[in-house]
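Descriptive analysis of the structure
Listed below are the residues making up each chain.
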Amino acid sequence: MEWQAPAVVLDVRPHGESGAVVTLLTEAHGRHAGLAKGGASRAQAPLWQPGNLVEARWVARLADQLGALSGELVHPAAALAMEDPLALSVLRAATSLAEGALPEREAHPRIFHGLVALIATLARGAEAALPDLVRWEADLLADLGYGLDLARCAVTGTQDELAFVSPRTGRAVSERAAGEWRDRLLPLPAFLLGQGPSGPADWLAGLRLTGHFLARDVFGLQHRPLPAAREMLADRLAALVAPPADPG
Amino acid sequence: MTDLPNDPIERLIALLARTPGMGRRSARRAVLKMLMRPQETMLPLAEALTEAARAVRPCETCGNLDAQSPCGICRDPQRDRHLVCVVEGVADLWALERAHAHRGLYHVLGGVLSPLAGIGPEDLAVGPLLTRIAAGGVEEVIIALPATVDGTATAHYLTDRLRPAGIAVTRLAQGVPLGGALDVLDEGTLAAALRARRPA
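Keep in mind that what you see is a predicted model, and the values were worked out from it rather than measured.

**Looking at the overall build of chain B**
A tally of helices and strands in chain B yields 8 helices and 6 strands. Expected size for 200 residues packed as a compact globule is a radius of gyration near 16 Å; at 21 Å, chain B overshoots this value by more than 25%. Dimensions of chain B, computed from the C-alpha atoms along their principal axes, are close to 60 × 45 × 35 Å. Every one of the 200 residues in chain B was classed for burial, and the buried ones make up 33%.

Right under this line is the structure:
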């Protein structure tokens, strides 16, 4: 058994003295793990960093074996994101979500291409990538069967003034129909509907929206919390939106 | 210690083979060599192992391993007490000591944040570091953590936590290693080196 494909590194766990069990996301093979001999060595450690885009080669005698991985670096996304705390948070959140949410060896080409596009956008800065991350999370929910319905208001059927999402059904609710329930609904940022520019408050609202459904429907069903990296991104963004008051 | 052979030689080989850098073949060679002159090599080694196991413990101040607590570095009056270097583990502390480049104190974090491995701030010596800084006297914290995604994320986290203390927080530079040719460097290191370029 053998394949070679572009892949995004999702996770690296040390194995033995210098080996590593690497988890990748590929277009055709989905989330796929393999043993990288010498993967934690000085020569290979820079290659197998979460977020890096690599050309990976997997070989095994039988299809259900862990198999051996080797690879070449295509885009050093991890190294490029390291200096910017927000960019690194975005990268870690996306890779840990894909690692935790996607079933093993099941193709999700839309999620793979979305993650590659997100990594490419990250080169322009975290601010450019954050709306893409929220949209990618919404796609992740949809691919796993828990898609949000943002096409029209669940109450009135209108396509105008959509401003909230029901935390129970994941369907959009218009400003007018929200009425007295607005405090119990999740705010729907306009950029998720493709309307207008967005800022940190909108990205945070988007992360809270997708985070609610990821936590309940994806990770909740696995009896696990949202990945800590995803929570740390939301915390970092929340600190940006509302900086702590100056004690002086 | 389960699954160990009863035969003393095989037992010794099995135990040695569990140590880093030592496979069964190397362990067998080492044991054979020691068995040739047990009085000169085996008994002193056994004594040294027993003594180290009995006496060595983590320093209550910095987490370094030493026979005394506080450790020799923390007790050294020649050390610059305004400078604390945060490292992932004792191996990194030893590496910096071998370089003779840091004359301040250390703080061993005991790992780096790793969400996928379930290592959070509460699993690391972050609290003791903050307590140490709050006690006063430290003017600069040098974060010397691995240049990996988890190591850098931990550095960002520590920077955020240390910023309110009003001290200088610095990090090790990244770039071309001494004697390193550019054409053999990985793309990530090259990119980091270019970003961190400085006036010639």
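**Topic: the UniProt feature "domain: Toprim" (unreviewed entry) in chain B**
Sites flagged by UniProt as "domain: Toprim" (unreviewed entry) map to residues 82-177 of chain B. Counting secondary structure, residues 82-177 of chain B comes out at 34% helix and 21% strand; the distance between its end C-alpha atoms is 28 Å.

**Describing the packing of aromatic side chains**
Residue and element names in this part refer to chain A. A complete count under the given rule lists 1 aromatic pair over all chains for this structure. Look at Trp3 and Trp58: their rings are 6.1 Å apart centre to centre, the planes differ by 20°, and that puts the pair in the stacked class. Within this pair, whereas Trp3 is found in strand β1 (residues 2-15), its partner Trp58 is found in strand β4 (residues 53-59), the two being separated by 55 residues in sequence. Looking at Trp3, the relative accessible area reads 9%, which means it is buried.

**Things to note about the domain arrangement of chain A**
All names here are of chain A. The domains assigned to chain A are domain 1 (2-75) and domain 2 (85-150 + 188-241). The interface of domain 1 with domain 2 comprises 26 residues on the first partner and 18 residues on the second. Contact between domain 1 and domain 2 buries roughly 1700 Å² in total, counting both sides, with carbon and sulfur atoms accounting for 62%. Together, Leu25, Glu27 and Arg31 form the three largest contributors to the area buried by domain 1 at its contact with domain 2, with a combined 40%.

**Quick word on the confidence of the model for chain B**
Residues and elements named next belong to chain B. Taken over all residues, the pLDDT of chain B has a mean of 93, while the share at 70 or more is 99%. Summarising per-element confidence for chain B, the mean pLDDT is lowest in helix α8 (residues 187-195) (84) and highest in strand β4 (residues 104-108) (98). The ipTM for the predicted assembly is 0.84, set against a pTM of 0.87.

**Comments concerning the sheet that holds strand β7 (residues 172-174) of chain A**
All names here are of chain A. The 3 strands lie next to each other as β7-β6-β8, forming an open sheet whose pairing is antiparallel. A strand with exactly one partner marks an edge of an open sheet, and here the two such strands are β7 and β8 (186-187). Bridge count for strand β6 (residues 162-165) against β8 is 2 bridges, and the pairing is antiparallel. Bridge pairing in β8 places Val165 opposite Leu186.

**So, the pairing of β6(A)**
Looking at chain direction, β6(A) and β7(A) are connected through 3 bridges and run antiparallel. Paired with A:Val165 across the bridge in β7(A) is A:Ala172.

**A word on the interface of chain B and chain A**
Each partner contributes to the interface: chain B provides 23 residues, whereas chain A provides 24 residues. Around 1900 Å² of area is buried between chain B and chain A when both sides are counted, 61% of it from carbon and sulfur atoms. The tally of links from chain B across to chain A stands at 3 salt bridges. In this structure, the salt-bridge partner of B:Asp160 is A:Arg236, at a minimum N-O distance of 2.7 Å. Linking chain B with chain A are 6 residue pairs in polar contact (both at pLDDT 80 or more). Among the elements of the structure, α7 (149-162) and α8 of chain B are those that each provide at least two residues to the side of chain B that touches chain A. When residues in the side of chain B that touches chain A are grouped by element, the largest group, 7 residues, is from α7(B). When its residues are assigned to classes, the side of chain B that touches chain A shows 10 nonpolar, 7 polar and 6 charged.

**Regarding helix α2 (residues 24-36) of chain B**
The end-to-end C-alpha distance of α2(B) is 18 Å, a good match for the 18 Å that 13 residues give at a rise of 1.5 Å each. For α2(B), the secondary structure elements touched by its buried residues are α1 (8-17) and α3 (38-55) of chain B.

**A look at the packing of helix α6 (residues 126-134) of chain B against α7(B)**
All names here are of chain B. The N-to-C vectors of α6 and α7 enclose an angle of 35°; their axes lie 11 Å apart at closest approach. Pair α6 / α7 crosses with right-handed handedness. In contact with Val126, Leu129, Leu130 and Ile133 of α6, α7 contributes Tyr157, Leu158, Arg161 and Leu162. Taken together, the residues that form the contact of α6 with α7 break down as 7 nonpolar, no polar and 1 charged.

**Re the nonpolar core**
Ranked by size, the top nonpolar core spans 62 residues in total, and within it A:Leu115, A:Leu133 and A:Trp136 carry the most contacts. Beyond its immediate sequence surroundings of up to four residues, A:Leu115 is in contact with A:Val8, A:Leu10, A:Leu25, A:Ala94 and A:Trp136. Among the nonpolar cores identified, the runner-up in size contains 34 residues, and B:Cys85, B:Val108, B:Leu113 and B:Ile143 belong to it.

**Re the domain arrangement of chain B**
Entries for chain B in the domain assignment read domain 1 (8-55) and domain 2 (79-171). For domain 1 of chain B versus domain 2 of chain B, the distance between C-alpha centres works out to 35 Å.

**A few points about the environment of B:Arg54**
Residues and elements named next belong to chain B. Here Arg54 is to be found in helix α3. With relative accessibility at 62%, the residue Arg54 sits in the exposed group. Sequence-wise, Arg54 and Ala67 are 13 residues apart; in three dimensions their C-alpha atoms are separated by 8.8 Å. Polar contacts involving the side chain of Arg54 include one to the side chain of Glu51, which spans 3.1 Å.

The rules we used
Residues numbered from 1 in each chain as written. Chains lettered and ligands numbered in written order. Predicted model: local features only at pLDDT ≥ 70, side-chain atom pairs only at ≥ 80, totals over all residues. Heavy atoms only, no water. Helix = DSSP H or I, 4+ residues; strand = E, 2+ residues; numbered from the N terminus. Rg over C-alpha atoms; globule rule 2.2 N^0.38 Å. Buried < 20%, exposed > 50% of the residue type's maximum accessible area, 1.4 Å probe, protein only. UniProt positions renumbered as here; feature names shortened; annotations may be inferred. Phe/Tyr/Trp six-rings, centres within 6.5 Å; stacked < 30°, edge-to-face > 60°. Domains from an automatic or database assignment. Contact = heavy atoms within 4.5 Å. Buried area = accessible area lost by both parts, 1.4 Å probe. pLDDT = per-residue confidence, 0-100. Pairing = 2+ DSSP bridges. Salt bridge = Lys/Arg side-chain N within 4 Å of Asp/Glu carboxyl O. Polar contact = N/O pair within 3.5 Å; in protein donor to acceptor, adjacent residues only side chain to side chain. Nonpolar A, V, L, I, M, F, W, Y, C, P; charged D, E, K, R; others polar. Expected span 1.5 Å × (residues − 1). Axes fitted to C-alpha atoms, helices over the stretch in contact; angles between N-to-C directions. Left-handed = near helix turned anticlockwise from the far one by under 90°. Core = buried A, V, L, I, M, F, W, Y, C linked by side-chain atoms within 4.5 Å.

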